[in-house]
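# Observations on the model geometry
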Amino acid sequence: MIVQFGSARIELVLGDITTQQLDIIVNAANSQLAGGGGVDGAIHDAAGPEIMKELRQRYPDGCPTGSAVVTSGGKLTSQYIFHAVGPIWQGGSKKESQLLESAYQTCLSLAEKHQCKTLAFPSISTGVYRYPVDLAAEIALRTVAMKLESSDELELVRFVLFDQGTFGGYARVLETMLV
Ligand code: ADP
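A brief look at the structure comes next. A quick note: this is a predicted structure, and the numbers were derived from the prediction, not measured. (Residues numbered from 1 in each chain as written. Predicted model: local features only at pLDDT ≥ 70, side-chain atom pairs only at ≥ 80, totals over all residues.)

In this section: the site of the ligand. Around the ligand, a shell composed of 21 residues is seen, among which A28, G38, G127, Y129 and F162 lie nearest. Taken together, the residues that form the shell around the ligand break down as 10 nonpolar, 8 polar and 3 charged. (Near = placed C-beta within 6 Å. Nonpolar A, V, L, I, M, F, W, Y, C, P; charged D, E, K, R; others polar.)

Rendered as structure tokens:
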């Protein structure tokens, strides 16, 4: 599914983020930047051990929830990996929505700062962190769409969704944004 916003577009695809050939791949990391399962494990496996070394050297204190840090792409074809830390879902009253929005915002600002045109996001926080997909998709898509309306730099933001349920959730939200 492809939707144009300003001079840029949002794409939704079902697939594995590690195979995407875009300028930036976003990782859903934890605040210790310690690696783990899910998309974090898949990205570290594909990009190689240099990435963990870089994280330890450059960000020994980790990364606060709602923010993101930058490494090289390692063995991936992408120029950069952004390691974004989304919130753990705790029922919705612990500022989860602001923190999730802030994680996306930080990545979009960093993409502009690094003069990149294309980036791929996974569905941050909706795996082990249990953020409900429909609520997370609303925040992710609205935050990105708003940024694209005013960005001269960004051309493509692709959400790479790993399973049919998540893809369906994002597609439903994106459709409501068209009317
Ligand atoms: P979080 O801890 O932020 O919830 P997870 O990695 O547990 O992060 O899950 C986030 C989303 O990433 C989930 O929808 C999960 O299915 C998905 N995911 C797992 N592996 C990949 C991958 N290789 N490419 C894209 N998405 C993935």
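The next thing to look at is the pairing of strand β5 (residues 80-85). Of all the 6 residues making up β5, 5 are buried; the element is thus mostly covered by neighbouring parts of the structure. In this sheet, β5 lies alongside strand β3 (residues 24-29) in parallel orientation, the contact comprising 6 bridges. For A28, the partnering residue across the bridge sits in β5 and is A84. Direction of pairing for strand β4 (residues 68-72) relative to β5: antiparallel, over a ladder of 5 bridges. Along β5, the bridge assignment pairs S72 with Y80. (Buried ≥ 20, exposed ≤ 12 C-beta atoms within 10 Å, placed from the backbone. Helix = DSSP H or I, 4+ residues; strand = E, 2+ residues; numbered from the N terminus. Pairing = 2+ DSSP bridges.)

Look at helix α4 (residues 133-150) against helix α5 (residues 164-176): their axes get within 9 Å of each other, and the N-to-C directions meet at 50 degrees. By the angle between their axes, α4 is oblique relative to α5. Classified by chirality, the crossing of α5 by α4 is right-handed. Residues V133, D134, A137, E138 and L141 of α4 form the contact with α5, whose own contacting residues are G165, T166, G169, Y170, V173 and L174. Tallied by class, residues from the contact of α4 with α5 come to 6 nonpolar, 3 polar and 2 charged. (Axes fitted to C-alpha atoms, helices over the stretch in contact; angles between N-to-C directions. Parallel < 35°, antiparallel > 145°, perpendicular 65-115°, else oblique. Left-handed = near helix turned anticlockwise from the far one by under 90°. Contact = placed C-beta atoms within 7 Å.)

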